[in-house]
Amino acid sequence: GEPVLEVRDLCVDYGVGRGGVRAVTDATLTLRRGEVLGLAGESGSGKSTLAYAVTRLLRAPGVITGGEVRFHGPDGVLDLLEADAATLRKVRWDQISVVFQSAMHALNPVARIDAQLTDALRAHRSQLGAAERRERAVELLRLVGIGEERLRSYPHELSGGMRQRVMIAMALALEPRVVIMDEPTTALDVVTQREILDELMQLKDRLGFAIVFITHDLSLLIELADTIAIMYAGRIVELADAQRLFHSPRHPYTLGLLNSFPALHGERVRMEGIPGAPPALTALPAGCAFHPRCPFALERCAHDVPRLTEPRLTEPGLAEPGLAEPAEPAEPDGAPA
Ligand code: ATP
Ligand code: MG
């Protein structure tokens, strides 16, 4: 598909000068129409910071210090980092909507849920009459599995899963091209999470929006996403087709996230998680930030940052972007089958 969102060399700092730390370094990715792009990585790796920066919702002390974010909208290409506040207001929600971490608490507690949706439609789709807005709100809530009998409820009368469905309906209300979801279902039980995600994927197929899906849960992304970006200490360390990433991860950190980190000595064993902890942003190791935790680290990993190679086209349309040297592990036979 055609690109809808292009992020190039994006850098984000918290604080400026000597007190500043870099939370996102040179992030580059492309989201295509209708695509699901998953973003995974341990807590603190910069996933939310990247999402906030791309949508220009980053708050102080966060500062975008470099890069480009190009949105391909109905009126042409827009550089979101250069756009003024009025333009951003129009694009956000209308074209790019966001469901944030703990979005369940973002509903207005004193408004009934049908009113929350019709108010949003009144503000952004003034050409619709009251009856049409109402019809649209009911339709949207039905799409996310909320029946007519719930329309007059207040948020506190709904379960967490129901509230999250309302948030998703709100995000889809204006038929955006891009929906960014930051851990949209992590607060929910597994069954509810699965139900909501299944519905979301069906909606995506019907309405054709693209999704950036942020989660700690790499196994979920392998199921849902077309493409996966793995973040570590603020960098995208691997970016690949989801199946390729699962079957032959190229960065040792990806291997670790797949819970198949081999033992340093002796037999390979499946492990839960990666030994050690990510570095503090104030003390990022030189070279590949992962090298102190990496059993495959070579001498050069301590001073060279591995670069993502250009996609290798093995057949038309089948891109295999991966990791360049160093730190390309041997055949990862510890990877789950
Ligand atoms: P999680 O999985 O826990 O949501 P994340 O990958 O979304 O983590 P971010 O919230 O983007 O990570 O944080 C990235 C880094 O930026 C972390 O080291 C965090 O401590 C730092 N950070 C985030 N917000 C601020 C802030 N307001 N001021 C200073 N540092 C911040
Ligand atoms: Mg986050």
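Residues numbered from 1 in each chain as written. Chains lettered and ligands numbered in written order. Predicted model: local features only at pLDDT ≥ 70, side-chain atom pairs only at ≥ 80, totals over all residues.

Novice: Outline the confidence of the model for the protein chain, listing residues and values.
Specialist: Residues with a pLDDT of 70 or more make up 86% of the protein chain, whose mean pLDDT is 86. Of all helices and strands in the protein chain, the one with the weakest mean pLDDT is strand β12 (residues 318–319) (41), whereas strand β1 (residues 3–14) scores best (98). Low confidence marks residues 262–266, where pLDDT is under 50. Its contacts with residues over four positions away, or in another chain, come to 6 contacts. The model gives residues 313–337 a pLDDT under 50, and that stretch makes 60 contacts with residues more than four places away or in other chains. For this predicted complex, the interface confidence comes out at an ipTM of 0.99, alongside a pTM of 0.88. (pLDDT = per-residue confidence, 0-100. Helix = DSSP H or I, 4+ residues; strand = E, 2+ residues; numbered from the N terminus. Contact = placed C-beta atoms within 7 Å.)

Novice: Quick rundown of the environment of Asp26? Include the residues and the values.
Specialist: In this fold, Asp26 is placed in strand β2 (residues 21–32). Classification of Asp26 by C-beta neighbours within 10 Å gives partly exposed; the count is 17. Sequence-wise, Asp26 and Leu10 are 16 residues apart; in three dimensions their C-alpha atoms are separated by 4.8 Å. (Buried ≥ 20, exposed ≤ 12 C-beta atoms within 10 Å, placed from the backbone.)

Novice: Explain the pairing of strand β3 (residues 36–40) residue by residue, including any values.
Specialist: Here is the key point about a regular strand: its side chains alternate between the two faces of the sheet. The element β3 is extensively covered by neighbouring structure, given that 5 of its 5 residues are classed as buried. Here β3 shows two buried faces, one formed by Val36, Gly38 and Ala40 and the other by Leu37 and Leu39. Here β3 pairs with strand β8 (residues 210–215) via 5 bridges, running parallel. Across the sheet, residue Ala40 finds its bridge partner in β8, namely Thr215. Direction of pairing for β3 relative to strand β9 (residues 227–232): parallel, over a ladder of 4 bridges. Pairing of Gly38 across the sheet is with Ile228, part of β9. (Pairing = 2+ DSSP bridges.)

Novice: Describe the packing of helix α3 (residues 113–124) against helix α5 (residues 160–172), and please don't skip the residues or the numbers.
Specialist: Close contact between α3 and α5 brings their axes to 10 Å; oriented N to C, the two are set at 15°. In terms of orientation, α3 lies roughly parallel with respect to α5. Two packed elements cross with a definite hand, and for α3 against α5 that hand is right-handed. For the pair formed by α3 and α5, the contact residues are Ile113, Gln116, Leu117 and Ala120 on the first element and Val166, Ala169 and Met170 on the second. Within the contact of α3 with α5, the residues separate by chemical class into 6 nonpolar, 1 polar and no charged. (Axes fitted to C-alpha atoms, helices over the stretch in contact; angles between N-to-C directions. Parallel < 35°, antiparallel > 145°, perpendicular 65-115°, else oblique. Left-handed = near helix turned anticlockwise from the far one by under 90°. Nonpolar A, V, L, I, M, F, W, Y, C, P; charged D, E, K, R; others polar.)

Novice: Any details on the site of ligand 1? Residues and values, ideally.
Specialist: Close contacts around ligand 1 come from 14 residues, with Tyr14, Ser43, Lys47, Ser48 and Thr49 the closest. Of the residues forming the shell around ligand 1, the biggest block, 3 residues, is contributed by helix α1 (residues 47–54). Grouping the amino acids of the shell around ligand 1 by side-chain chemistry returns 4 nonpolar, 9 polar and 1 charged. (Near = placed C-beta within 6 Å.)

Novice: Lay out the sheet that holds β9 with the relevant residues and their values.
Specialist: Read across the sheet, 6 strands follow the order β6-β7-β8-β3-β9-β10 without closing on themselves; strand pairing throughout is mixed. The sheet is open, and its two borders are formed by β6 (96–99) and β10 (235–241), each paired with just one other strand. Strand-to-strand twist across the sheet, computed as the mean angle between neighbouring axes with direction ignored, equals 15°. Contacts from α1 reach β3, β6, β7 (178–182), β8 and β9, with the element oriented near 150° to β8.

Novice: If you had to explain helix α4 (residues 130–143) to someone new, which residues and values would you point to?
Specialist: For α4, built from 14 residues, the straight-helix expectation of 20 Å at 1.5 Å per residue is met to within 8% by its first-to-last C-alpha distance of 20 Å. Taken residue by residue, α4 has Arg133, Ala137, Leu140 and Leu141 as its buried positions. Projected onto a plane normal to the axis of α4, the buried residues spread over an arc of 95° and lie on a single side. Among the exposed residues of α4, those pointing more than 90 degrees away from its buried face are Ala131 and Glu139. Packed against the buried residues of α4 are α3 and α5. The first or second residue beyond α4 is Gly145, which carries a positive phi of 85°. (Expected span 1.5 Å × (residues − 1). Arc of directions from axis to C-beta.)

Novice: So what about the nonpolar core? Which residues, and what values?
Specialist: Residues Ala169, Val212, Phe213 and Ile230 are the most contacted members of the largest nonpolar core, which totals 80 residues. The element best represented in this core is α5, accounting for 8 residues. Viewed by domain, this core spans two of them, domain 1 (1–95 + 176–337) and domain 2 (109–173), each represented by three or more residues. Ignoring any residue separated from it by four or fewer positions in sequence, one finds Val212 in contact with Leu31, Leu37, Leu39, Ala51, Ile180 and Met181. (Core = buried A, V, L, I, M, F, W, Y, C linked by C-beta atoms within 7 Å. Domains from an automatic or database assignment.)

Novice: An account of the domain arrangement of the protein chain is requested, with residue identities and associated values reported.
Specialist: The accessible area lost on association of the parts is a frequent measure of interface size. The assigned domain composition of the protein chain is domain 1 (1–95 + 176–337) and domain 2 (109–173). If you tally residues by element for the side of domain 1 that touches domain 2, the top one is helix α6 (residues 190–207), at 6 residues. The residue makeup of the side of domain 1 that touches domain 2, split by class, is 9 nonpolar, 2 polar and 2 charged.

Novice: Quick one: what's the story with the sheet that holds strand β4 (residues 62–73), residue by residue and with numbers?
Specialist: Strand order in the open sheet formed by 4 strands is β2-β1-β4-β5, and the pairing between neighbours is antiparallel. Looking at strand neighbours, the two that pair on one side only are β2 and β5 (76–79), the edges of this open sheet. Pairwise comparison of adjacent strand axes, ignoring direction, gives a mean angle of 5° for this sheet. In the sheet, β1 pairs with β4 via 8 bridges, with the strands oriented antiparallel. Among the inter-strand pairings, Asp13 is bridged to a residue of β4, identified as Val63. Contacting β1, β2 and β4, α1 crosses the sheet at an angle of about 65° to β2.

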